[in-house]
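Structural features, examined
Chain by chain, the residues run as shown.
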Amino acid sequence: MSAGPQKFGALLAAIACAFSLQAAESATPPAKIRVVLIGDSTVASKSGWGDAFGKLLGDRAECFNDAKGGASTKSFRDGGYWKTALAHKPDWLLIQFGHNDQPGKGLARETDPATTFPENLARYVDEARALGAKPVLVTSLTRRTSRGGKLVPDLLVGYVAAAKRVAAEKNVPLVDLNARSIEQLEKLSPADLAAMEPEGKKSGTKDHTHLTERGGEMVVPLVVAELRKTAPELAALCIPTQ
C-alpha cells in the first residue's frame, strides 16, 4: 500500500492543528494594562480619589489602589508596601505623597521637603522604571481648611514644589492635583463642598482632608484632565468624564 495517502492525511491533520492553535491564540484576550496607585489616605480606598480613578479605567486596564492611610514616602517603603506595589508588575504607577511627610507626623514618617522627600520620590521613580513601569508624580490634594472664606496655606507647599522639581529633573509626567484642587474649591458651592467632606472625628465637625465617595468622584476628573496633558497614553485608557 502506498504511503502517499497517509502522508497527505498527516499533512491535513497538521494544518488543521495549526489553524486550531492560531484560533485559540487569537481568541485569548490581551493582558490588561496594570495601573498601580501609591500614596497616603487622600488616595487610599474609602478616603481618597483612588477608587474613583479605578472605576474610570476602561476594559483595557485594571487598577490596584495600594495607597495606605498614614503613609509617607518613608513609611510606605519601610512598611513593605512598596514591595507589594511592585509585585503587581505595573505598567503605570501614580505616586502621591506629602501629607504625612510633614513635620509633626513622627520620626517614622517625617521627611524634609528640601532633601529626603525629593530623594525618596526620585528613588521610587528610578526603581519603577527599572522594572519597566511608567511613573507619574501627583502633587498633594489640598486640604480644605479655610478662614474668612479663603483657603489657609499650609506646609504642603514645600512638598508640592519638591514633587515638581523631581518631575522636571527626572522627566516624569506630573499631575498638579494641588493646584487643580485649589482651583476647584474656589468655585464650589457650599452644597458641593459639603458633599465632598466626610464627618469629622468630633460630632458635628467636618473632615477637611479626606474625601467621601462623592468627593473622590469630584476630584478624579482633575487627575484625568492633567493626564491628558502630560500622559495622554494613560488618559486614553479612562472613560471620558465630560
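Residues numbered from 1 in each chain as written. Predicted model: local features only at pLDDT ≥ 70, side-chain atom pairs only at ≥ 80, totals over all residues. Heavy atoms only, no water.

**Quick word on the sheet that holds strand β2 (residues 61-65)**
- The sheet built from 5 strands is open, its strands ordered β2-β1-β3-β4-β7 with parallel pairing. The open sheet has two edge strands with one neighbour each: β2 and β7 (174-175).
- In this structure, strand β3 (residues 92-96) lies alongside strand β4 (residues 134-138), joined through 4 bridges in parallel fashion. Bridge pairing in β4 links L93 to P135.
- Together, β3 and β4 form the strand contacts of helix α5 (residues 116-130), whose direction differs from that of β4 by roughly 155 degrees. (Pairing = 2+ DSSP bridges. Helix = DSSP H or I, 4+ residues; strand = E, 2+ residues; numbered from the N terminus. Contact = heavy atoms within 4.5 Å. Axes fitted to C-alpha atoms, helices over the stretch in contact; angles between N-to-C directions.)

**With respect to the nonpolar core**
- Counting residues in hydrophobic clusters, the biggest one holds 33 residues, and the most contacted among them are W49, F53, L94, L177, L227 and L234.
- If you list the elements that add at least two residues to this core, you get β1 (33-39), α2 (50-56), β3, β4, α7 (177-187), α9 (213-230) and α10 (232-235).
- Apart from residues lying up to four places away in sequence, L227 is in contact with F53, V136, V175, P232, L234 and A235.
- If you look at the next biggest cluster of nonpolar residues, it comprises 25 residues, including V36, I38, F76 and A122. (Core = buried A, V, L, I, M, F, W, Y, C linked by side-chain atoms within 4.5 Å. Buried < 20%, exposed > 50% of the residue type's maximum accessible area, 1.4 Å probe, protein only.)

**Examining the pairing of β2**
- Summarising the sheet, β1 and β2 pair through 5 bridges and their orientation is parallel. For L37, the partnering residue across the bridge sits in β2 and is N65.
- The parallel pair β1 and β2 is bridged by α2, and the resulting crossover is right-handed. (Right-handed = clockwise from strand over helix to strand, strands pointing away.)

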